[in-house]
Amino acid sequence: MFKLLDNKLKNSLLAVAIGATLSLSGIAQAGKYGIGETATAKEIAGWDIDIRPDGKGLPEGQGTVEAGEEQYEALCATCHGLFGEGEGRWPVLAGGEGTLTEERPTKTVGSYWPYASTLYDYIRRAMPFTAPRSLSDQQVYDITAYVLYLNEIIDEEFVLTKDNLAQIEMPNQANFFVDPRPDVKNTRCMKNCADPDKLQIAGTLRGITPVGHFVEGADAPAASHDAQMEQEQHKEKARKATLKGESLAAHSSSGAVTLSATAEAGKPTYEGACKVCHGSGLTGSPKFGEPDAWTDRIKQGMPVLVDHAIKGFTGDTGVMPPKGGRVDLSDKQVEEAVAYMVESSR
Amino acid sequence: MSKIIKGPSTRELMEQMVRESEHLSINDRRDFLRKGVAAAAGMAATTIAGQSIASEVSKANLPPNEPAWGKQLGHGVVEHPYGSPSRFEKHVVRRTVPWLTADSIASISMTPLQDLKGIITPNGLVFERYHGGVPQIPAEEHRLIIHGLVERPIIFTMEDLMRFPSVSEIKFIECPANGGMEWKGAQMEALQFTHGMLSCCEWTGVPLRVLLEEAGVKPEGKWILAEGADGSHMSRSIPIEKALDDTLVVYAQNGEMLRPEQGYPLRLLNPGWEGNTSVKWLRRLEIGDKPWYHREETSKYTDLMPDGRARKFTFVQETNSVITSPCPENPLVKPGFLEIEGLAWTGRGKIKQVDISFDGGVSWVPASLKGLVLDKALTRFSLVTKWDGQPWLLQSRAIDETGYVQPTLGQLRKVRGGNSIYHKNSIHTWKVAPTGEVTNVQIT
């Protein structure tokens, strides 16, 4: 093919080839492909949130147990309990010392976690559950101090700082060791591998597996959180109807609720922010779809309910943090979500 | 064919028939429903122990009759621009065990292994595990930053990442808590819940090694922190040896872009390692000289031993296997020839052999491996046999290419006790009753 080309073209092709080789070797210093921009220090700083046991990554600042108590009770206690005892199936944060060898160990910050840095790191990256990355560095220091205090790792007067956090020794730190597996050795036996007379056969614990999809008449949990909640609500209605001597049929109309436009608009906010507590009735919150929980509240009128939801409210059964802890929500979004819950729970 | 084995009520059958008759003309419909009612009445009477099959309702479409769908036209192209499974397969779905977790936003669902064929898990059925729900991330607004102990910190767009030469590899992914509910006893009455935190896909992306070379890791760089972009900002420390070996940064699964549930638009994939290390919605890789000891590698994903000490960095998913047919969801329906099938997998390489026992582990016979036998991928095994109504204690035992033999539950418990939660890979037992019913039992 080159035979057909004149010298001038041949030379210019050669130049292109050399140029390509040169530029490739030029890129080699920055990486083989030279793909991707150099990340700026500013870009990295915004995302570089991790903390290490040696304190690397900790921001400037300090926190106190006293300030932490206030933050904790407003932002954390709903799920983790006032004393870190855990509500529902949410994580227990404190206690459990000496239980790791027991039949039912309680693994908490104090009884299990090897490093205090993990606490700062985790609160900073993921808490509070409904509003991650909403806390200031100061708030994280305060809450970290308070959780350490709940675990009796620091005392009331302790001021947690960038410099002393890494010095805190956690009670269980020495008890972690690197994976030694393979730790068991089976052999490929083919005949007479066990004494048939000595086999112990234990059956399955019944009634806790969702098996409604293949076992007729199974009285078992559902296979999704929503369906489980529906099932529980249905059972509760049936129980109450029986108590009142009513037939269930009168109550089990399709359950279709016609929502106003405001309520309809509030559904995504409910799903993303409110459902965590109101979906299950966590810590005394009025449970979604449960008229009994809402009737008296609805009587107070929408403005009161919306006001409580926006500003926060402490009632007889529990605490509603301002906007449920989701301060990023607009007042309008909260109002819509309240409308959605109210209209779905009449 | 529908695999639902419960005997539906007459009302349910009627509803189903009404649905199935939707496409018929008014006369055919009336005829279909009249015949159907007779069939339903007959069936309700002959339902024994929930063993009847719902799809046997109508004989109107069976020979010698011309079936309804042979007498009319179906829908045309692009009726469903993105197709879905047949509406008769609606029972093939992910399921969860709600009491395991406080909320669906930080929870897990399981793959219906009992309904799947071959070794690939369809994208919509890959098990889910989230710590802060599924974020909806536009690919053009997603970034991956590599920084720390590197010569040049880099920020990649998805477009950048997709310019690199790509690789496609079939790998399983398994939650280390798979089977973890059963350390102390059999608790789950179905295969989906005993083993369903397990899926296998063809993943497409860039080897992490290539991206690290691009940034230039400094000699003191020994660990990598991988972090997600979702609300949980899930983070794990990965040793550099793994990253340079076979870790992938993937953007596609089974031929299409990742599903949001699986990390769209970008996730890490550590083949053969506990699923939690394959961080989804991957936004950041920081190279450091030490591990970070974050929540998911201290409070969680560490294995508590009977002496109160705990194992850390228990990365590998050891050799495991389970029989998927028969299983509680797939009981034996009639005597005669039968193909026993199941899945075997190992985080240490390839599966070399699977044996099957019919007597609870007293004697074993070799099964054959069928189809693809790949590194760190699900491997299907099979044994054709005959069942004449005799009771079985059915087990499978996998052996990997390193010679490791899947252990018994007794062997694991002896070393690890009952509170280690993770990495239970023991031989599993299905009890087959003379009726064909299959239940989950434990043999010690």
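J.: Talk me through the overall build of chain B; I want residue IDs and the actual numbers.
T.: Scanning chain B for helices and strands turns up seven helices and 21 strands. Sorting the 444 residues of chain B into buried and exposed places 62% on the buried side. Excluding contacts between residues fewer than 6 apart, the proportion of contacts in chain B whose partners are at least 24 apart in sequence is 71%.

J.: Describe the packing of helix H3 (residues 65-75) of chain A against helix H6 (residues 137-150) of chain A, listing the residues and the values that go with them.
T.: Residue and element names in this part refer to chain A. The interhelical angle for the contact between H3 and H6, taken along N-to-C directions, is 95°, at an axis separation of 7 Å. Considering the angle they form, H3 stands roughly perpendicular to H6. Across from Val65, Ala67, Gly68, Glu69, Gln71, Tyr72, Glu73 and Leu75 in H3, the residues of H6 making contact are Gln139, Asp142, Ile143, Ala145, Tyr146, Val147, Tyr149 and Leu150.

J.: Could you give an account of unusual backbone geometry, naming the residues involved and the relevant values?
T.: Across the junction of Met127 of chain A and Pro128 of chain A, the peptide omega takes the value -10°, indicating a cis bond. Mapped onto the fold, Pro128 of chain A is located in the loop between helix H5 (117-126) and H6. Cis peptide bonds are those with omega within 30 degrees of zero, and the linkage from Tyr264 of chain B to Pro265 of chain B qualifies with 5°. Relative to the helices and strands, Pro265 of chain B is located in the loop between strand E8 (256-257) and strand E9 (267-269). The phi torsion at Arg133 of chain A lies on the positive side, around 65°, for a residue other than glycine. Taking relative accessible area as the criterion, Arg133 of chain A reaches 35% and is therefore assigned partly exposed. The phi dihedral of Asn254 of chain B is positive, around 50°, even though this residue is not glycine. Inspection of the secondary structure assignment puts Asn254 of chain B in the loop between strand E7 (248-253) and E8.

J.: Describe the packing of aromatic side chains, and please don't skip the residues or the numbers.
T.: This model, assessed by the stated rule, comprises 18 aromatic pairs over all chains. Ring geometry for Tyr270 of chain A and Tyr340 of chain A: centres 5.4 Å apart, planes at 55°, overall tilted. Of this pair, Tyr270 of chain A sits in helix H8 (residues 261-278) while Tyr340 of chain A sits in helix H11 (residues 331-344), and the two are 70 residues apart along the sequence. Given the relative accessible area of 3%, Tyr270 of chain A is considered buried. Judged by relative accessible area, Tyr340 of chain A falls into the buried class, the value being 7%. Three or more aromatic residues link up through ring pairs in this structure, and these residues are Tyr115 of chain A together with Trp223, Trp273, Tyr293, Phe313 and Phe315 of chain B. Across from the ring centre of Phe177 of chain A, 4.2 Å away, lies the NZ or CZ of Arg309 of chain B, which sits over that ring. The lysine or arginine in question, Arg348 of chain B, covers the ring of Tyr404 of chain B, its NZ or CZ lying 5.4 Å from the ring centre.

J.: Can you tell me about H8 of chain A, naming the residues and giving the values?
T.: Residues and elements named next belong to chain A. With 18 residues, H8 ought to run about 26 Å at 1.5 Å a step, yet its terminal C-alpha atoms sit only 21 Å apart, falling short of that. Of all the bends in H8, the greatest, near 60°, is centred on Tyr270. Those residues of H8 lying buried are Ala263, Gly266, Thr269, Tyr270, Ala273, Cys274, Lys275, Val276, Cys277 and His278.

J.: Before we move on, could you go through the interface of chain A and chain B and cite the residues and values that matter?
T.: Between chain A and chain B, the residue contacts involve 91 residues of the former and 112 residues of the latter. Summed over both partners, the interface of chain A with chain B buries about 8600 Å², with 57% contributed by carbon and sulfur atoms. Among the residues chain A hides against chain B, the three largest losses belong to Ile35, Trp47 and Arg181 of chain A. Together they make up 9% of the total. Two residues, Lys290 of chain B and Asp54 of chain A, come together in a salt bridge whose shortest N-O distance is 3.1 Å.

J.: Outline the packing of H5 of chain A against H6 of chain A, listing residues and values.
T.: Residues and elements named next belong to chain A. Put simply, H5 and H6 touch, their axes get as near as 9 Å, and they point 130° apart. With respect to their mutual orientation, H5 and H6 come out oblique. H5 and H6 meet at a crossing whose hand is right-handed. Seen from H5, the contacting residues are Leu119, Tyr120, Ile123 and Arg124; seen from H6, they are Asp137, Val140, Tyr141, Ile143, Thr144, Val147 and Leu148.

J.: Lay out the nonpolar core in plain terms, naming residues and giving numbers.
T.: All names here are of chain A. Residues Tyr72 and Leu148 are the most contacted members of the largest nonpolar core, which totals 42 residues. Elements with a minimum of two residues in this core: H3, helix H4 (77-80), H5, H6 and H8. For this core, the leading source of residues is H6, giving eight residues. No fewer than three residues from each of domain 1 (62-175) and domain 2 (212-344) sit in this core. Residues within four places of Leu148 in sequence aside, it is in contact with Ala116, Leu119, Ile153, Ile154, Leu160, Ile168 and Met170.

J.: Quick rundown of the pattern of salt bridges? Include the residues and the values.
T.: All names here are of chain B. Per the stated rule, a full pass over the model turns up 45 salt bridges over all chains. For Lys171, the salt bridge goes to Asp375, with nearest N and O atoms at 3.0 Å. Separated by 204 residues along the polypeptide, Lys171 in strand E3 (residues 167-174) and Asp375 in the loop between strand E17 (368-370) and strand E18 (379-387) bring together distant segments of the chain. Owing to a relative accessible area of 7%, Lys171 belongs among the buried residues under this scheme. Looking at Asp375, the relative accessible area reads 26%, which means it is partly exposed. Here Asp375 and Lys376 are joined by a salt bridge, their closest N and O atoms 3.8 Å apart. On the basis of relative accessible area, Lys376 is assigned to the buried category, the value being 10%.

Criteria and thresholds
Residues numbered from 1 in each chain as written. Chains lettered and ligands numbered in written order. Predicted model: local features only at pLDDT ≥ 70, side-chain atom pairs only at ≥ 80, totals over all residues. Heavy atoms only, no water. Helix = DSSP H or I, 4+ residues; strand = E, 2+ residues; numbered from the N terminus. Buried < 20%, exposed > 50% of the residue type's maximum accessible area, 1.4 Å probe, protein only. Contact = heavy atoms within 4.5 Å. Axes fitted to C-alpha atoms, helices over the stretch in contact; angles between N-to-C directions. Parallel < 35°, antiparallel > 145°, perpendicular 65-115°, else oblique. Phe/Tyr/Trp six-rings, centres within 6.5 Å; stacked < 30°, edge-to-face > 60°. Lys NZ or Arg CZ within 6 Å of the ring centre and 35° of its normal. Expected span 1.5 Å × (residues − 1). Bend = angle between axes of the 7 residues up to and from the residue. Buried area = accessible area lost by both parts, 1.4 Å probe. Salt bridge = Lys/Arg side-chain N within 4 Å of Asp/Glu carboxyl O. Left-handed = near helix turned anticlockwise from the far one by under 90°. Core = buried A, V, L, I, M, F, W, Y, C linked by side-chain atoms within 4.5 Å. Domains from an automatic or database assignment.

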